[in-house]
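Residue-level structure breakdown
Now for the letters of each chain:
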Amino acid sequence: MTPTAATAVPSNAFTRRTADTLTMLRDSGQMKALQMIEGPMDATIRLRGYGDVACFCSNNYLGLANHPEVVEAGIEGIRKYGAGTASVRFICGTFDCHERLEARIAEFYGVEAAYSFTSCWNANEAIFPTLCEPGDLIISDELNHASIIDGIRLAASIKKGLHRTVYKHGDLEGLRQKLADAKANPEITGQRWVVTDGVFSMEGDIGDLPALRRICDEFGAFLVVDDSHGTGVMGKTGRGTHEHWGMKGTAIDFVTGTLGKALGGGAGGYIAGSRQGIDLLVQRGRPTLFSNALPCTVACSADKAIEVLMREPQRVDRLRSNVEKARRGIRSAGFEVLESPTAICPIIVHDTAKAIAMSKRLLDFGVFAIGFGYPVVPEGHARIRVQISAAHTDAHIDALVNGLKRLKAEASR
Ligand SMILES: *Cc1c(COP(=O)(O)O)cnc(C)c1O
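Report on the accompanying structure.

Rules and cut-offs
- Residues numbered from 1 in each chain as written.
- Predicted model: local features only at pLDDT ≥ 70, side-chain atom pairs only at ≥ 80, totals over all residues.
- Heavy atoms only, no water.
- Salt bridge = Lys/Arg side-chain N within 4 Å of Asp/Glu carboxyl O.
- Helix = DSSP H or I, 4+ residues; strand = E, 2+ residues; numbered from the N terminus.
- Buried < 20%, exposed > 50% of the residue type's maximum accessible area, 1.4 Å probe, protein only.
- Pairing = 2+ DSSP bridges.

Here the focus is the pattern of salt bridges. Scanning the model with the defined rule gives 24 salt bridges in all. Residues Arg 153 and Asp 150 are paired through a salt bridge, measuring 3.5 Å at the closest nitrogen-oxygen approach. Placement of the pair is Arg 153 and Asp 150 together in helix H6 (residues 146–158), with a separation of 3 residues, close to one helical turn. Residue classification places Arg 153 among the partly exposed positions, given a relative accessible area of 47%. Owing to a relative accessible area of 28%, Asp 150 belongs among the partly exposed residues under this scheme. For the salt bridge of Asp 279 with Arg 275, the shortest nitrogen-to-oxygen distance reads 3.3 Å. Note that Asp 279 and Arg 275 are positioned in helix H10 (residues 275–284) at a spacing of 4 residues, about one turn of the helix. Each of Glu 69, Arg 104, Asp 303, Lys 304, Glu 307, Arg 311, Glu 312 and Arg 315 takes part in salt bridges that share partners, so that together they form one network.

One open sheet holds the 3 strands; their spatial order is S1-S2-S11, and the pairing between them is mixed. Sheet topology places strand S1 (44–47) and strand S11 (367–368) at the edges, where each strand pairs with a single neighbour. Judged from the 4 bridges that link them, S1 and strand S2 (residues 51–55) form a sheet pairing that is antiparallel. By the bridge assignment, Thr 44 is partnered in S2 with Ala 54.

Laid out in structure tokens, this is it:
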């Protein structure tokens, strides 16, 4: 398709190329439509133009986003602390609700200390540029989250002589080889860092943390795990992917995570680990020195969400049995779902336009599950990503399975 005639488009480089890009996306069926939600995030949500639909694409894994205690804690927070901090943390922007939240996060992981950020994206842009130095080497799984990739790129561009490389997804031998090669490299004299997602957000598979720990120990490397999709989901009490593997929080040198998924879903992220590492982040982290803290209302809600999770680990059991039921159902509808112990169930359909069309059709059946294509996943690997929550009832999961069966029936017509 040719781009639309540039009648009203002023002639400068930006408007020309942007019109081309948007036209290309529209014509190839790849344009994302943002759906408007007209009520709280929950297992059932009210979607503009569709009414009530069963939601299978939020990260509300434990159903805490609209939990009455979590909501109430936020309301109390805004009453007590007002609308905002109006300052960065080290000047006069640290409130006792931040202190409480960070103590709770450290307790949750059983580690010395934690520090909160306005997002996990922010946490990942703080940790690498702050803790890593020239002469260090960062080795990252190729499928790590975009915020890890960008955090490492930022670190390497700020600190000349900071080395970085990538290992093939889950390729432990490849990782070991890179660490061995680094031993022979006279330019790499500092700390080695190995970085992985706990749960990979697009595949739904998990990092082999025990094996990664062994390899790190062999080479004196630190292990950093971003467990944004594992927190509240993995392990018997929802501590995360390390608990799934039977490891303590202290077995990971630094964990980064989000408060925007299972832990209430408001916003915010954190880094948890050694007191020394956190102290350095407070002193030197650019996002901590130059950007406001988490709003107090959000800190209060997140603190309550973690409290509820610690008090009610049965939410994690409910999530697990929902995941098993959903995976069985997806297969019974004739679709293949990538196998894993996580709450992320990707149905691979390859083509981006097809994934978007399927997702749109599912909405007609009252099921909201989003299609992902390039650039979120590589070209040719488009998928419908179904995410399960402890808040789903059997009726929600039945609706999902029936929707998928109708899609299948339509496709074979
Ligand atoms: C969602 C996610 C993030 C981003 O979290 P925000 O708090 O929304 O910025 C970072 N890392 C991983 C692995 C994620 O899945």
